[in-house]
Number of protein chains: 4
Amino acid sequence: MRASVVGGSGYTGGELLRLLLRHPKAEVTQVTSDSLAGKPVSRAHPNLRKVTDLTFTPHAELEETDVLFLAMPHGRAMECIPALLPRAGKIVDLSADFRLRDPRAYETYYGVKHPHSELLDRSVYGLPELHRRAIRDATLVAGPGCIATAAILALRPLALAGAIDTDHVVVDAKSGSSASGAEGGPASHHAERSGVMRAYAPEGHRHTAEIEQETGLRIALSCHAVEAVRGVLATCHAFLREPLTEKDVWRLYREAYASEPFVRIVKEATGIYRLPEPKLLAGTNFCDVGFAVDAHANRVVAVAALDNLMKGAAGSAVQCMNLMSGYPETTGLDFVGLHPI
Amino acid sequence: MRASVVGGSGYTGGELLRLLLRHPKAEVTQVTSDSLAGKPVSRAHPNLRKVTDLTFTPHAELEETDVLFLAMPHGRAMECIPALLPRAGKIVDLSADFRLRDPRAYETYYGVKHPHSELLDRSVYGLPELHRRAIRDATLVAGPGCIATAAILALRPLALAGAIDTDHVVVDAKSGSSASGAEGGPASHHAERSGVMRAYAPEGHRHTAEIEQETGLRIALSCHAVEAVRGVLATCHAFLREPLTEKDVWRLYREAYASEPFVRIVKEATGIYRLPEPKLLAGTNFCDVGFAVDAHANRVVAVAALDNLMKGAAGSAVQCMNLMSGYPETTGLDFVGLHPI
Amino acid sequence: MRASVVGGSGYTGGELLRLLLRHPKAEVTQVTSDSLAGKPVSRAHPNLRKVTDLTFTPHAELEETDVLFLAMPHGRAMECIPALLPRAGKIVDLSADFRLRDPRAYETYYGVKHPHSELLDRSVYGLPELHRRAIRDATLVAGPGCIATAAILALRPLALAGAIDTDHVVVDAKSGSSASGAEGGPASHHAERSGVMRAYAPEGHRHTAEIEQETGLRIALSCHAVEAVRGVLATCHAFLREPLTEKDVWRLYREAYASEPFVRIVKEATGIYRLPEPKLLAGTNFCDVGFAVDAHANRVVAVAALDNLMKGAAGSAVQCMNLMSGYPETTGLDFVGLHPI
Amino acid sequence: MRASVVGGSGYTGGELLRLLLRHPKAEVTQVTSDSLAGKPVSRAHPNLRKVTDLTFTPHAELEETDVLFLAMPHGRAMECIPALLPRAGKIVDLSADFRLRDPRAYETYYGVKHPHSELLDRSVYGLPELHRRAIRDATLVAGPGCIATAAILALRPLALAGAIDTDHVVVDAKSGSSASGAEGGPASHHAERSGVMRAYAPEGHRHTAEIEQETGLRIALSCHAVEAVRGVLATCHAFLREPLTEKDVWRLYREAYASEPFVRIVKEATGIYRLPEPKLLAGTNFCDVGFAVDAHANRVVAVAALDNLMKGAAGSAVQCMNLMSGYPETTGLDFVGLHPI
């Protein structure tokens, strides 16, 4: 199967390439970048040295392909989509441009009027754990946000059970520096970013809309930058309508995730890694989910961890590609992660 | 004035020494440590090389002094206190042993029956911003916990105003590796601790009791270890009883802290450091406090940052000593902090 | 093929397991650890959660196998070897115990008299780039040290060419915190180890003996701990007997490594990663080698980077197993590494 | 005494301000920056919030002052100097523009013809440990480079003793991310810079010229970026003409530095910090120097550590100002450093 990547010079594009170049069913035919056109992809992605001879192609020379991955900045895919749809039978967009069902949410959270809102119904939210069947049949899949993925997978079993006070759900998210992209900027300067605990979006973060759409809860989301390169931890504080025991919560998570290949329930009584830890997940497609019951404050603390470039972006996208193409869902996604790291 | 430190080989003891050796009014007469007795203090505190010739004294040889700082592990001070009280007219205990008014809280949170609960009434909670007058007259001051200090200073103005839904207050805390002490252990091994976003105490953290005591709120506290050596960030999610504007909240904080020498309100519209950031506070006695109003979720996000060894321990202790001794409150605490760091 | 690991609870043991569990030809039959006997291997290696159900076996219950990996502390393998030899047709020892040909070197560098020096002749130094043919036929292979591997691969082409002043070769090595093992200790405490540039072995490092044995040079080795979890960088400063141009040095390295699957020559004119960088190699079996010619000081600066747990330990060991077993040399070692990380 | 800073928006400018604002003899009258003119200095230096109300002044409005600090990029001071000389009786330039005696060295190392080489004789190399007397009388002082300061202080006692093989001196330097300035760029992006061991200048580094000028040795300098914000470690590998014992080397360093207020000889038999460690020096004006004798390779490994923004820039500059102004040399420079950090 031929696969192409539009906008392949960023971190998400690099991660897609890393996965696709080792995917037994995929052949990467083109990777576009105007700024690096003609240069080897290892110029942007030094981990691919001696792994591939691919070079970047100008956007304008994009050819037909079987699966097209869009790894462009937010706002670009929604503009280019009419030109891209004819290029491929299947499209996975990794930007936010087709994630939200309600066109008005784009105005609220992204400050733009969606130019092709008619496509929002056609697009499927690319979280296989929630929409596996729809993804199999989709031609346009919208890859979820990294923080959104973690929060949704942590909260959804509780929300479905009707156990949560839906008006007081706090999601306190922490993420690493690759989440802000390859471009950098003053806030990403190592001397400023190193060792921070920066509340960069105490409110108003765009992923709020996705989490609310997929969980039906009202979400009080606050996002922090902490010292790490990869990784998202979503700590979800969910007050309870009625008391739940640990056993109750175990049951909810087991029912939701026992057969999921990429969701592990992590909750151990001893050891260093009793709850999900993003650093163990670098390079993997896992989303680890765990929890604690706090009888004192009448809440469940649900915690989810993932690699923002993998299960939070490129990994989920390839998982969707596998589903859309009829391959086993885990194909090309079997890296187990490093310890220590 | 003579000052002595009991249990001076740990991180808090080292920080006390750093401050006291440069304090214009204090003379450090003894620092006790049984394991390092006879060794220069720079053996444990290499930053004090060539700064002092002090050596450690065995605990048993502690002499009378004017001010005694207790920097022992939790549980030790409550046992030793009868022997220590006669040694000094003023005692500042940096452990948790005299922080809580209610003796039963020690059983709940520390699993011990307090052997000298009669002293709990006599002891003053050593947060000058709340108890300045009482500290001035106290003979026994209990230095607050680091996470507690941040959370209390962030939440107190909102709590006093009666503006908060008192049953749904979430405190999501992040802290650096010095908070777990000099002893280390498997969880502190660099290869395991580096780059973590570890939910080490999703519920049940001991500082809950202090924060509730000083704010009157029910607190849902979750604590995380992140990559940093010094620093605590407390992100306090406070749902509102009735809407508050930014202006309202500004007013509350200004009323509370305008004349406080060590509390700065940090809330800027531009730049990298718009809200409090612990890394800027390493070595300082500041607690920076800031906030955001989230109309969507009907909450205020109040954020406080500090250096866990300074305003979260030794710095506050010296601030209390200054008050107890009639010195200007900021004496010896004027380090402004480094940028970048 | 059955493979077993003796001493599987440490970092090297965990890395061996990670590789072997995904190796298409190997089946891990036993992993021994007395302290964790009966416990799942994911207790020590949390990245293997849900990947394997293996549990640790007591050392005493080690059964016969095809390939045996010894991942014990230095000094243990040389004692246990008589009991282990009958257990497996092929043994790869990852400790230092069989690396040196000259038994006296063990007394000099390790302070022990080798109890089975008669085996030193039989053992092969497990660096395939130098001893591929001998490894194929070996029954006992000694995995090289991590710093030694980097320094040898950087220096060997220059040494073979007779181009170097053999008495003034400086190897200035930098390494991450996993190099000191899973046990930790005061020097590994995060608060002490974070951000260091620690000259922990300015002279006398044990790897000196290996590098001298394999290059024929006298080596002035100094080792530093820097902030990273995985990775070794060996900066080799080699003064020249006669001037060499860049082109000359390129030729030497190309001749040495053009057909090596795991050695890449990295020397670029632009970009951030112009010379080898260990952080790009986490989890991979690459040793990247590069250089600069310094006409001013009449030297070549040869730089080599690797992951100390992979090409510096477990990766090389599996590469040797592949050779000893007649499998393609790269089997199970195709992870390309992450960027960014 | 009035002091002004030209180019005060960078890291060095910020550090100068931090020191001068707490200096008992100095009054900061102006800080210039065209890009931030009119803005509070805390905009660029958030550690100075609530510490000062100073705002930035446009360069063109620089007034007369007593001491002028130039904290501009390399190449600017040499152009502006005719306009600046009349502004102040004493000038301390923190750039490289007046460090080298030989005008041709600017062409070799900086690629420019020095427009005012007649001033090179008048300028004094601002390392008080070498040129204290000349600095006292100087009107133009050139602050040394950070790596140069460390290497010179480590090597000079050995060089003066005539003990070193002058043709094979290797300086392997490691430095933190603040050394590349506040501007940042792709190589400083946290995701790329975090955890690196980057040989960014394997040869040809500009500080070579300074070190050679001040030590009389030929220097083979290689510079690495490692994970830290502040700090330089210079590991100097010096082969010996004739054997030296530890006692000999101790004597040389003691003779050189016993009475120096900011040079500590650090060489301990036990503990974690046996040799100089930059992380302990953040914010201090110390340069710690230590060594090891390597009989095997016939060399001394001399190690020096400092904070690149302090003893490597602003701290040394204030030390020079103190000398030039007749104040005690340590005035305003008594911060002892933090541990842990």
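The written sequence of each chain sets the order in which its residues are numbered from 1. In the order they appear in the text, chains get letters beginning with A and ligands get numbers beginning with 1. A pLDDT threshold of at least 70 governs which residues receive local features in this predicted model, and a stricter bar of 80 or more applies before side-chain atom pairs are shown or counted, although totals over entire chains, interfaces and linings include all residues.

Our next topic: the overall build of chain A. Numbering of helices and strands starts at the N terminus; helices are DSSP runs of H or I of at least 4 residues and strands are runs of E of at least 2. When you go through chain A residue by residue, the secondary structure sums to nine helices and 13 strands. When we talk radius of gyration, it's over C-alpha atoms, and the globule rule is simply 2.2 Å times the number of residues to the 0.38. For 341 residues, the compact-globule estimate of 2.2 N^0.38 gives 20 Å, and the C-alpha radius of gyration of chain A, at 19 Å, lies within 12% of that figure. With the C-alpha coordinates of chain A rotated into their principal frame, the extents come out at 60 × 45 × 40 Å. Three classes are used. A residue is buried when 20 or more other C-beta atoms lie within 10 Å of its own, exposed when 12 or fewer do, and partly exposed in between, with C-beta atoms placed from the backbone. Within the span of chain A, comprising 341 residues, buried residues form 62% of the whole.

Here we take up the domain arrangement of chain A. All names here are of chain A. As assigned here, chain A comprises domain 1 (2-144 + 310-325) and domain 2 (146-306). The distance between the C-alpha centroids of domain 1 and domain 2 comes to 24 Å. Counting only elements with at least two residues in the side of domain 1 that touches domain 2, the list comes to helix H3 (103-110), helix H4 (128-137) and helix H9 (310-325). The residue inventory of the side of domain 1 that touches domain 2, partitioned by class, reads 12 nonpolar, five polar and four charged. All the domain ranges listed were derived from an automatic or database domain assignment. When residue character is reported, Ala, Val, Leu, Ile, Met, Phe, Trp, Tyr, Cys and Pro are called nonpolar, Asp, Glu, Lys and Arg charged, and the others, Gly included, polar.

All names here are of chain C. One open sheet accounts for seven strands, arranged E8-E9-E7-E10-E13-E12-E11; its pairing is mixed. Of all the strands in the sheet, just strand E8 (197-201) and strand E11 (263-265) have a single pairing partner and so form its edges. Here the strands of the sheet are splayed against their neighbours by 25 degrees on average, with no regard to which way each runs. Paired strands, as defined in this entry, are two strands with at least two bridges between them according to DSSP. By the bridge criterion, seven bridges tie strand E7 (residues 164-175) to strand E9 (residues 219-226) in an arrangement that is parallel. Lines fitted to C-alpha atoms define the axes, with helix axes restricted to the stretch in contact, and inter-axis angles between N-to-C directions lie between 0 and 180 degrees.

Contact criterion: two residues are in contact if their C-beta atoms, reconstructed from the backbone, are within 7 Å. Taken together, the contact between chain B and chain A spans 40 residues of the former and 40 residues of the latter. Listing elements by their share of the side of chain B that touches chain A, those giving two or more residues are strand E7 (164-175), helix H6 (190-193), strand E8 (197-201), strand E9 (219-226), strand E10 (232-240), strand E12 (287-294) and strand E13 (299-306) of chain B. Its residues assigned to classes, the side of chain B that touches chain A comprises 22 nonpolar, seven polar and 11 charged.

With that out of the way, let us pick up the sheet that holds strand E12 (residues 287-294) of chain D. Residue and element names in this part refer to chain D. Spatially, the seven strands line up as an open sheet ordered E8-E9-E7-E10-E13-E12-E11, and their pairing is mixed. Unpaired on one side and paired on the other, strand E8 (197-201) and strand E11 (263-265) mark the two borders of the sheet. With direction set aside, neighbouring strand axes in the sheet form an average angle of 25 degrees. As paired elements, E11 and E12 share three bridges and run parallel to each other. Following the sheet pairing, Arg264 is matched in E12 by Asp288. Across the sheet, helix H5 (residues 146-160) touches strand E7 (164-175), strand E9 (219-226), strand E10 (232-240), E11, E12 and strand E13 (299-306), and the angle it forms with E13 is around 145 degrees. The strands touched by helix H8 (residues 246-257) within the sheet are E11, E12 and E13, with E12 carrying the most contacts at an inclination of about 160 degrees.

Residue and element names in this part refer to chain A. Across the interface, H4 lies against H9 with an axial gap of 8 Å and an inter-helix angle of 35 degrees. H4 and H9 meet at a crossing whose hand is right-handed. Of the residues in H9, those in contact with Pro128, Arg132, Ile135 and Arg136 of H4 are Gln319, Cys320, Leu323 and Met324. Residues of the contact of H4 with H9, tallied by class, amount to five nonpolar, one polar and two charged. In this scheme the crossing of two helices becomes right-handed for a clockwise turn of the near helix relative to the far one and left-handed for an anticlockwise turn of less than a right angle.

What follows concerns the relation of the copies chain B and chain A. By a simple turn and slide, chain B fits onto chain A: the slide is 0.0 Å along the axis, the RMSD is 0.0 Å, and the turn is 180 degrees. Taken together, the rotation and translation describe the operation of a two-fold axis. Scanning chain B for the C-alpha nearest the rotation axis identifies Glu227 of chain B, at a separation of 2.7 Å. When the interface residues of chain B are mapped onto chain A, 100% of them again lie at the interface, so the same face is used by both copies. A least-squares superposition brings the copies together, and it is based on the C-alpha atoms of residues with pLDDT no lower than 70 in both.

With that settled, the discussion passes to unusual backbone geometry. Cis geometry marks the peptide bond from His339 of chain C to Pro340 of chain C, where omega comes out at -5 degrees. A positive phi is found at Lys50 of chain A, a non-glycine position, where the angle reads about 65 degrees. With respect to the helices, strands and loops of the structure, Lys50 of chain A is situated in the loop between strand E2 (27-32) and strand E3 (65-70). For Lys50 of chain A, a count of 15 C-beta atoms within 10 Å corresponds to the partly exposed category. With phi around 60 degrees, Asn298 of chain A is a residue other than glycine that occupies positive phi space.

Because each turn of an α-helix spans 3.6 residues, side chains separated by three or four positions end up pointing in the same direction. Residue and element names in this part refer to chain C. Judged by how many residues are buried, helix H7 (residues 207-215) sits mostly within the fold: eight of nine residues are covered. Every buried residue of H7 is listed here: His207, Thr208, Ala209, Glu210, Ile211, Glu212, Glu214 and Thr215. Packing partners of the buried residues in H7 comprise helix H3 (103-110), strand E5 (124-125), helix H4 (128-137), helix H5 (146-160), E7 and E9. One or two positions beyond H7, positive phi appears at Gly216, with a value near 75 degrees.

Residue and element names in this part refer to chain D. Extensive coverage of E9 is indicated by the burial of eight of its eight residues. Residues Ile219, Leu221, Cys223 and Ala225 of E9 are buried on one face, and the alternating residues Ala220, Ser222, His224 and Val226, pointing to the opposite face, are buried as well. Examined bridge by bridge, E8 and E9 share three bridges and lie antiparallel to one another. Pairing of Met197 across the sheet is with Val226, part of E9.

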